[in-house]
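Listed here are the chains, written in short residue letters.
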Amino acid sequence: AYEAKLHPSESDLKVWGAFVTEEVLARYNYLSLAWYSVVFRRKDTGRLSRRIVRSSADFPIFLHECGSFQKVYCPLACDGKQPKFFYKGTKPENYLYGLEELKRGVMICSGERDAMNVAGLGYYPVWLNSETAVLPEHVFTSLRHMAKKIYNIPDIDATGVARGNALALQYMELYTVELPKWLLHYRDYRGKPRKDLRDFLELRPSKKEFEGLVETALQ
């Protein structure tokens, strides 16, 4: 069970990035939650119990409605006590988020916050559940029929670079948008190096600068 807010708060939107609006989240079927509950069996008594997790300015909660399944997403969960995301329903293997909303231009993103910023900038993002998830050949072929160019925006940490290179070698028609390496010199709220598109847009909230990266993308 859960309770959705009528509108996302200012702090809810802030966690997504500078170019994400309430309209963008609604277009991609995201709800801001006031709370959600889970039912579990207690280890000490064996009885069923119910736990309510409430959102706050420091702990926003979102629900992504994906038809056959739902994804509960807590982007700031980092202490190991609370999962960053979990599913309700049946998620198909290697599900490609954003495919239903795709119209004309395609950008493959490394995560949903990157993707929503791309959508806010006027492009059409798709994204897998993780960088290490597989993009099937038949799905890429379908994307090729929908757009003149397909761009990938990998993270610039070791995993992101490795996966970006692998995808570029697998699909030679793909264009790779390279984020600047100076991002790694900055730290996020967890003290870790910044590495993704949302980080770049937070430090450089300019559509023109992003378009510059797109224009210099190479196969």
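Residues numbered from 1 in each chain as written. Predicted model: local features only at pLDDT ≥ 70, side-chain atom pairs only at ≥ 80, totals over all residues. Heavy atoms only, no water.

Section: the nonpolar core
Applied cut-off: What makes a nonpolar core is a set of buried Ala, Val, Leu, Ile, Met, Phe, Trp, Tyr and Cys residues whose side-chain atoms join them at distances within 4.5 Å. Relative accessible area decides the class of each residue, using a 1.4 Å probe on protein chains only: under 20% of the type maximum gives buried, over 50% gives exposed, and in between gives partly exposed. We call two residues in contact when some of their heavy atoms are within 4.5 Å.
Grouped together as the largest cluster of nonpolar side chains are 52 residues, with contacts concentrated most on Trp16, Met116, Leu135 and Phe210. Not counting the four nearest positions on each side in its chain, methionine 116 is found in contact with Trp16, Val20, Val24, Leu25, Tyr28, Tyr30 and Trp127.

Examining helix α7 (residues 207–215)
Put simply, the rule is: Think of it this way: any DSSP run of H or I at least four residues long counts as a helix, any run of E at least two long counts as a strand, and we number them from the N terminus. The arc under discussion is defined with respect to the helix axis, by the directions toward the C-beta atoms.
Along α7, the positions that sit buried rather than exposed are Phe210, Leu213 and Val214. Projected down its long axis, α7 shows its buried positions confined to an angular sector of 100 degrees, all on one face. Facing away from the buried side of α7, by more than 90 degrees, are the exposed residues Lys208 and Glu215.

A few points about the packing of aromatic side chains
This is how it is decided: Think of it this way: a Phe, Tyr or Trp ring, Trp meaning its six-membered ring, pairs with another when their centres are within 6.5 Å, and the plane angle makes it stacked under 30 degrees, edge-to-face over 60, tilted otherwise. Distance and angle both matter: a charge sits over a ring if NZ of Lys or CZ of Arg is within 6 Å of the ring centre and within 35 degrees of the ring normal.
Under the counting rule described, the total for this entry stands at 16 aromatic pairs. Relative to tryptophan 127, the ring of tyrosine 97 lies with its centre 5.5 Å away and its plane at 15 degrees, an arrangement referred to as stacked. Residue tyrosine 97 is located in the loop between β6 (85–89) and β7 (106–109), and its partner tryptophan 127 is located in strand β8 (residues 125–127); the two are separated by 30 residues in the primary sequence. One exposure class covers both tyrosine 97 and tryptophan 127, and it is buried. Ring-pair connections join several aromatic residues into one group, and the members of that group are Tyr28, Phe69, Phe85, Tyr87, Tyr95, Tyr97 and Trp127. The aromatic ring of phenylalanine 85 is capped on one face by lysine 71, whose charged end is 4.5 Å from the ring centroid.

Observations regarding the sheet that holds β7
We apply this condition: The pairing criterion for strands is at least two bridges between them, as found by DSSP. Helix axes use the C-alpha atoms of the stretch in contact, all axes being lines fitted to C-alpha atoms, and the angles between their N-to-C directions lie in the range 0 to 180 degrees.
Reading across from one edge, β8-β7-β9-β10 is the order of the 4 strands in this open sheet, with parallel pairing throughout. What marks the edges here is a single partner per strand, and that holds for β8 and β10 (175–176). Bridge analysis of β7 against strand β9 (residues 150–153) gives 4 bridges, and the strand direction is parallel. Residue pairing for β9: cysteine 109 is matched across the bridge by isoleucine 153. Packed onto the sheet, helix α3 (residues 112–120) meets β7, β8 and β9 and runs at close to 170 degrees relative to β8.

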